[in-house]
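# Observations on the model geometry
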Amino acid sequence: MIFNENKILISASIMMEYWYCPRFIYFMEILKIRQYEEKRLKVNLGREIHDKKASQPEYLRKKLGVIKQEKSVYLSDSDQGICGIIDELLFLEDGSITFIDFKFAEQGDKYKTQFYQGVFYSLLIAKNYSFKPEKFYIVYTRSSTEPIEFCIKSKDVDKMLVTIQEVHYILKNGFYPKATNYKVRCNDCTYGNICSK
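Bear in mind the structure is a predicted one, so any value in this text is a computation, not a measurement.

### Side note on the overall build of the protein
Of the regular secondary structure elements, the protein holds five helices and seven strands. In sequence order, the protein lays out its α and β elements as β-β-α-α-α-β-β-β-α-β-β-α. Put simply, the protein has 197 residues, and 43% of those count as buried. Pairs at least 24 apart in sequence give 63% of the contacts found in the protein among residues at least 6 apart. Of the roughly 11,400 Å² of accessible surface on the protein, 51% is carried by carbon and sulfur atoms.

Structure (structure tokens):
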């Protein structure tokens, strides 16, 4: 978690944990119990992909109308209390702004958490660039280098704002939230032994 004077800034990583299971952030941030994710193979491979992409020479995706890009861009919004690092911020020839997120996954592995992360990043762009992205892209690095487009609707943004407030409530009050509804996730959970499912 990152602190900005008196305000807690929730990172995209914390949001991803919340979307997977709300109790993750309770165990991680309130009780300070590590999950040792650095020991997981997929986590390490995913980090390697991000590091590799960040160090590659600049390549403008002209098919998307990109005229300028910035890599590994840190953005924050102290009003909403959020922050994150965007893999590639794209400035397009029509004056719009969008972004690409790289995932160590197959193209068919479209998880809701990946879409939510994109909506989360769109809020950061809206705050820092006064432009609301209507779409973003994900590159599924285990399948190809072609970006897959996702559209952002106003209902997605509204839902995200509510979710951010829920996470702030947990962190501020030490609230013990309900576990995920997807009980299959409990089978491989780091906190399975201490969680009262």
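### Quick word on the confidence of the model for the protein
Should pLDDT be low for a region, the predicted coordinates there are not to be read in detail. For the protein, per-residue confidence averages 86 on the pLDDT scale, and residues scoring 70 or more make up 83% of the total. The least confident element of the protein, judged by mean pLDDT, is strand 1 (residues 2-4) at 45; the most confident is strand 4 (residues 82-92) at 97. Segment residues 2-6 is flagged for pLDDT under 50; beyond a separation of four residues in sequence, or across chains, it makes eight contacts in the model.

### Looking at the environment of Tyr-129
Positionally, Tyr-129 belongs in helix 4 (residues 112-129). You can call Tyr-129 partly exposed: its relative accessible area is 27%. Along the chain, Tyr-129 and Ile-97 lie 32 residues apart, while their C-alpha atoms are 8.5 Å from each other. In this structure Tyr-129 touches Glu-70, Val-73, Leu-75, Leu-89, Phe-91 and Ile-97, once residues within four positions along its chain are discounted.

### So, the environment of Tyr-169
Relative to the helices and strands, Tyr-169 is located in helix 5 (residues 154-173). Judged by its relative accessible area of 45%, Tyr-169 falls in the partly exposed class. Ignoring any residue separated from it by four or fewer positions in sequence, one finds Tyr-169 in contact with Gly-174 and Phe-175.

### Thoughts on unusual backbone geometry
With a phi angle near 50 degrees, Ser-72 is a residue other than glycine that sits in the positive phi range. If you trace the backbone, Ser-72 turns up in strand 3 (residues 66-77). On the accessibility criterion, Ser-72 (41% relative accessible area) is partly exposed. Even without a glycine there, the phi angle at Ser-130 is positive, about 50 degrees. Along the chain, Ser-130 falls in the loop between helix 4 and strand 6 (135-140).

### Let's talk about the nonpolar core
Core analysis: the largest hydrophobic core is formed by 35 residues, its most contacted members being Met-15, Leu-89, Phe-120, Met-160 and Val-167. Contributions of two or more residues to this core are made by helix 1 (12-20), strand 3, strand 4, strand 5 (97-103), helix 4, strand 6, strand 7 (148-151) and helix 5. If sequence neighbours within four positions are ignored, Leu-89 has contacts with Lys-68, Gln-69, Glu-70, Val-73, Ile-97, Thr-98, Phe-99, Ile-125 and Tyr-129.

### Considerations on the pattern of salt bridges
A side chain with one charge may pair with a side chain of the opposite charge, provided their charged atoms come close. Taken as a whole and assessed by the stated rule, the structure comprises four salt bridges. Asp-79 is the salt-bridge partner of Lys-127, the closest N and O atoms lying 2.5 Å from each other. With Lys-127 in helix 4 and Asp-79 in the loop between strand 3 and strand 4, this residue pair connects regions lying 48 residues apart in the sequence. Relative accessible area serves as the criterion here: at 39%, Lys-127 is assigned to the partly exposed category. Between Asp-101 and Lys-103 there is a salt bridge, with its nearest N and O atoms 3.0 Å apart. Classification of Asp-101 by relative accessible area gives buried; the value is 4%. Residue Lys-103 is classed as buried on the basis of its relative accessible area of 12%.

Definitions and cut-offs
Residues numbered from 1 in each chain as written. Predicted model: local features only at pLDDT ≥ 70, side-chain atom pairs only at ≥ 80, totals over all residues. Heavy atoms only, no water. Helix = DSSP H or I, 4+ residues; strand = E, 2+ residues; numbered from the N terminus. Buried < 20%, exposed > 50% of the residue type's maximum accessible area, 1.4 Å probe, protein only. Contact = heavy atoms within 4.5 Å. Areas by Shrake-Rupley, 256 points an atom, 1.4 Å probe, with all protein chains shown as cover. pLDDT = per-residue confidence, 0-100. Core = buried A, V, L, I, M, F, W, Y, C linked by side-chain atoms within 4.5 Å. Salt bridge = Lys/Arg side-chain N within 4 Å of Asp/Glu carboxyl O.

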